[in-house]
Amino acid sequence: MEAVNRDWLPLAATALAGSAACAYAMYHLKKRAPKSMPPSPPPLNWLLGLGGSGHAPAFARPDLHRYLTEWASKLGGVYVLYIKGPFYVVTDPFLVNQVLSRGDMAMPKHEGIYRMLDGFLAFGLPQFFSSSDENGDLWRGYRKGLAPCFSLDSLKKSFPKVRACTEKMVSMWETQYFATGEAVPIDSWMSRATLDIIGHLFYNYDFNALDSEHNEFVEAMHENLVALSQSLSDPIGDILAKLFPTAKAKQSAARTERIKALFTAVYEAVKSRGDPPADDQSVGANIMRIKKPSTGEPFPEETVFATLCVLLIGGYDTTASTCMWALYDIARQPDVQKRIAQELAGAGLLQVPGQAPARQLEWADLAAFPYFNAVLKESMRLHTTAATGTVRVCPKNAMLGGWQIPKGSVVWLPFHAMHNSIHNFSAPEVFDPERWLGQLPTGGKPNPTPNTVHLHATATAANPPLAENKADSGPTHPSFATPHGDARVPPSKAMLPFSDGSRGCIGMNLAYVDARTILLSILSKFWLELDPSVGPHDKVEASQVMALVLTSGIPIKLRLKSHAPL
Ligand code: HEM
């Protein structure tokens, strides 16, 4: 019998084993990989796309917020950008609220990404803003310890200081601009006013920012902001600059030292006052007293210093940008301005030549004008200051809006995109304060989110709520697009300029007090017109630059006129 040739056997066995291994690997890969990915915009760079970073160049765009909004409108409430792996961009209000909540889908801040900001916010020192550990001493100690500083009671007590700074600014405008017909460069004035307010309120410290057109602190911080956005948009250039110190890098180091010296001066002033009296609930007093919840020991001095820095930075530029955009939106729309003037006139707050002088602004006025407050809210929607929102990390494999999100994924909630997506608001590009008027108090239930619940709890006629009441039930106002075609979230939940949940803005009440005091004081005295140098609205919109806060690329200047009798 002829011998059977079995030479092919090892080959066949190898092929079989190989196929089995492939099938096994495919099966497991398929099991582990998300079933499908949410949609994604086309890569901005195909070569980077091969390495999973096809959308990285988006960070180089000064209008990053617009890019995010454009794709939210095109692709819907969840899409993916590839920036060193997938970033899940979520703008569906229902899902955003889930991520920010304390519920099953809660996601903590992304430690690595916030650490990148520390260099700018607090010279690389850890502080509670960038801590992702909500059970740790740092966040728990400071969030709880600082809460009394931002209570309505404390803010009501400090209101005269806010008003004094604002009145000082308005009277300077009267002589420098109203009397001369010169245009007011409001960007710089808003930064200087809010810095002086924060200086007085928090640290009993006078930056004298209103007194000089060129304030060292404001200018150094502005330069720093520009440098930060440059380094975010050009990370490779940034690394090279650190490796091979150029003149630019040396300049940047010198600027950081200058800013550190300015912060240190504030810190030393607060420290030199010694133990504050027990009833002093200012930020300066509280940051010195706060102890570690777990041991009762004081925090290291560098943490106290870093906290002082982050509260100062967080407290002034955000509010300044909000006021700047609101003044711009009001000045460009005479009908809107006229309706506000009518509200103020009805309350004796409108200064009209030849008529009785307007009365002084009072605390109760801050929540008294529904139309004005709707205008402010609409401006905060259209020009969301914290445009790029918050960046979270998915703590476990999860399903978000029907998509599988693997543990450890970056989940990005950009608030400008949420506020301006066609899926969340109808005609989002239209400035329409009316869309909020349907949301004002109509006996709706208190909203159970941490940011608003205490406002309802403490609100009385004499101590009015500063944040708008938010009905969490009831019909959806017709000028809102209903997410997913149903009404799972009220429109107020599609509007989160201060974020929400445990990591929502600690300074929200103060921001409202500052912004309303500043805006009402200006609007009561002057009729505003845009200076012709500002140009048409579409150019201003196109010029917007996202540099931590949303700013205008075209300097916004206003002309001050008298109010005509109504
Ligand atoms: C109109 C003005 C303001 C806006 C639009 C705003 C917006 C925000 C947003 C969106 C967040 C969440 C950030 C994130 O998750 O990355 C935040 C957090 C924060 N804000 Fe504000 N903010 C404003 C004013 C203020 C003021 C006046 C202060 C006063 C110190 C302040 C201090 C903070 C702090 C410390 C946090 C971190 C809170 C935490 O992580 O627990 N903000 N703010």
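Quick summary incoming for the structure in this document. Please read all numbers here as calculations on a predicted model, not as lab measurements.

Some remarks on the overall build of the protein chain
- Summing up its helical and strand segments, the protein chain has 20 helices and 11 strands in all.
- Relative to its full complement of 566 residues, the protein chain shows a buried share of 50%.
- Taken as a whole, the protein chain presents about 25400 Å² of accessible surface, with 60% of it coming from carbon and sulfur.

Concerning the packing of helix α6 (residues 137-146) against helix α13 (residues 301-331)
- Put simply, α6 and α13 touch, their axes get as near as 13 Å, and they point 55° apart. Classified by the angle between their axes, α6 and α13 sit oblique to one another. Along this stretch, α6 crosses α13, giving a crossing that reads as right-handed. Contact residues: α6 offers L138, Y142 and L146, while α13 offers T303, V304, T307 and L311.

Examining the layout of surface pockets
- If you add up the space inside the second largest pocket, you get close to 510 Å³.
- In this structure, the second largest pocket is lined by 26 residues; those nearest its centre are L201, D280, Q281, S282 and V283.
- Elements represented by at least two residues in the lining of the second largest pocket include exactly α7 (152-178), α8 (186-203) and α12 (283-289).
- Per-element tally for the lining of the second largest pocket: the top contributor is α7, with five residues.
- Looking at the lining of the second largest pocket, its residues break down into 13 nonpolar, eight polar and five charged.

Considering a nonpolar patch on the surface
- On the surface, L240, L243 and F244 cluster together to form a nonpolar patch covering roughly 330 Å² of accessible area.
- With respect to the helices and strands, the residue L243 is situated in helix α10 (residues 235-243).
- We classify L243 as exposed; its relative accessible area is 56%.

Things to note about the site of the ligand
- Contacts to the ligand come from 26 residues, most closely from Y114, W139, R143, T390 and C505.
- The contact in question runs from an oxygen atom of the ligand to an N or O atom on the side chain of R143, over 2.9 Å.
- When residues of the shell around the ligand are traced back to their parent elements, those giving at least two are α6 and α13.
- In terms of residue count, α13 provides more of the shell around the ligand than any other element does, six residues in total.
- Looking at the shell around the ligand residue by residue, the classes come out as 13 nonpolar, 10 polar and three charged.

Remarks on the nonpolar core
- In terms of nonpolar packing, the biggest core is built from 137 residues, with L146, W173, M190, Y203, F263 and I522 touching the most fellow members.
- In terms of residues, this core owes the most to one element, α13, which gives 19 residues.
- In this structure, I522 is in contact with M169, V170, W173, M190, L327 and L528, ignoring residues within four places of it in sequence.

What to know about helix α14 (residues 334-346)
- The end-to-end C-alpha distance of α14, which contains 13 residues, comes to 18 Å, matching closely the 18 Å that a straight helix rising 1.5 Å per residue would cover.
- V336, Q337, I340, A341, E343 and L344 are the residues of α14 that are buried. Down the axis of α14, the sector holding all buried residues measures 160°, keeping them to one side. Those residues of α14 that are exposed and aimed more than 90 degrees away from the buried face are D335 and G346.

Examining the coordination of the iron atom of the ligand
- The protein supplies the iron atom of the ligand with one donor atom, C505 (SG), which lies at 2.3 Å.
- Residue placement: C505 occurs in the loop between α18 (450-458) and α19 (508-525).

A word on the environment of P126
- Looking at where P126 falls in the secondary structure, it is placed in the loop between α5 (111-122) and α6.
- By relative accessible area, which is 33% here, P126 ends up partly exposed.
- Separated by 178 residues in the primary sequence, P126 and V304 place their C-alpha atoms 9.8 Å from one another.
- With sequence-adjacent residues up to four places away left out, P126 is seen in contact with R115, D118, L138, T303 and A306.

Let's talk about the packing of α7 against α8
- In contact at an axis separation of 9 Å, α7 and α8 are set at 150° when each is read in the N-to-C sense. The pairing of α7 with α8 is recorded here as roughly antiparallel in orientation. Here α7 runs over α8; the crossing is right-handed. Contact with α7, carried on its side by S158, K161, V162, C165, T166, M169, M172, W173, Q176 and Y177, involves I186, W189, M190, A193, D196, I197, H200 and L201 of α8 and no other residues of that element.
- The residue makeup of the contact of α7 with α8, split by class, is 12 nonpolar, four polar and two charged.

Observations regarding the environment of E70
- Looking at where E70 falls in the secondary structure, it is placed in helix α3 (residues 64-75).
- Looking at E70, the relative accessible area reads 35%, which means it is partly exposed.
- C-alpha separation for the pair E70 and A417, spaced 347 residues apart in sequence, amounts to 7.6 Å.

Some words on the packing of aromatic side chains
- Taken as a whole and judged by the stated rule, the model has 22 aromatic pairs.
- Here the aromatic rings of Y142 and F299 are separated by 4.8 Å at their centres, their planes lie at 40°, and the arrangement is tilted. Separated by 157 residues along the polypeptide, Y142 in helix α6 and F299 in the loop between α12 and α13 bring together distant segments of the chain.
- We classify Y142 as buried; its relative accessible area is 0%.
- Arranged with centres 5.7 Å apart and planes meeting at 40°, the rings of F178 and F526 form a pair that is tilted. Of the two residues, F178 is situated in helix α7 and F526 in the loop between α19 and β8 (527-530); the sequence distance between them amounts to 348 residues.
- The class of F178 is partly exposed, set by a relative accessible area of 34%.
- Judged by its relative accessible area of 1%, F526 is buried.

Thoughts on the pattern of salt bridges
- Considering all chains together, one arrives at 18 salt bridges under this definition.
- The residue R115 makes a salt bridge to D118 at a minimum N-O spacing of 2.4 Å. Of this pair, R115 and D118 both sit in helix α5, separated by three residues, roughly a single helical turn.
- For D211, the salt bridge goes to K168, with nearest N and O atoms at 3.0 Å. Taken together, the residues D211 in the loop between α8 and α9 (216-233) and K168 in helix α7 connect sequence positions 43 residues apart.
- Here the salt bridges do not stand alone but share partners, grouping E111, R115 and D118 into one network.

Some thoughts on the pairing of strand β1 (residues 78-82)
- Among the five residues in β1, four count as buried, and that is most of the element.
- As judged from the five bridges shared by β1 and strand β2 (residues 86-90), these two strands associate in the antiparallel manner. Directly across from V80, in β2, lies its bridge partner Y88.
- What sits between β1 and β2 in their antiparallel hairpin is a turn of three residues, with K84 showing a positive phi close to 50°.

Definitions and cut-offs
- Residues numbered from 1 in each chain as written.
- Predicted model: local features only at pLDDT ≥ 70, side-chain atom pairs only at ≥ 80, totals over all residues.
- Heavy atoms only, no water.
- Helix = DSSP H or I, 4+ residues; strand = E, 2+ residues; numbered from the N terminus.
- Buried < 20%, exposed > 50% of the residue type's maximum accessible area, 1.4 Å probe, protein only.
- Areas by Shrake-Rupley, 256 points an atom, 1.4 Å probe, with all protein chains shown as cover.
- Axes fitted to C-alpha atoms, helices over the stretch in contact; angles between N-to-C directions.
- Parallel < 35°, antiparallel > 145°, perpendicular 65-115°, else oblique.
- Left-handed = near helix turned anticlockwise from the far one by under 90°.
- Contact = heavy atoms within 4.5 Å.
- 1 Å grid on protein atoms, 1.4 Å probe; cavity = no way out; pocket = protein on both sides within 12 Å on 5 of 7 lines; lining within 4 Å.
- Points joined across faces, edges and corners; volume = space filled by probe spheres on them.
- Nonpolar A, V, L, I, M, F, W, Y, C, P; charged D, E, K, R; others polar.
- Patch = residues over 30% accessible without salt bridge, like charges linked within 9 Å, V, L, I, M, F, W, Y side chains within 5 Å.
- Salt bridge = Lys/Arg side-chain N within 4 Å of Asp/Glu carboxyl O.
- Near = heavy atom within 4 Å.
- Polar contact = N/O pair within 3.5 Å; in protein donor to acceptor, adjacent residues only side chain to side chain.
- Core = buried A, V, L, I, M, F, W, Y, C linked by side-chain atoms within 4.5 Å.
- Expected span 1.5 Å × (residues − 1).
- Arc of directions from axis to C-beta.
- Donors = N, O, S within 2.8 Å, 3.2 Å for Na, K, Ca; no water.
- Phe/Tyr/Trp six-rings, centres within 6.5 Å; stacked < 30°, edge-to-face > 60°.
- Pairing = 2+ DSSP bridges.

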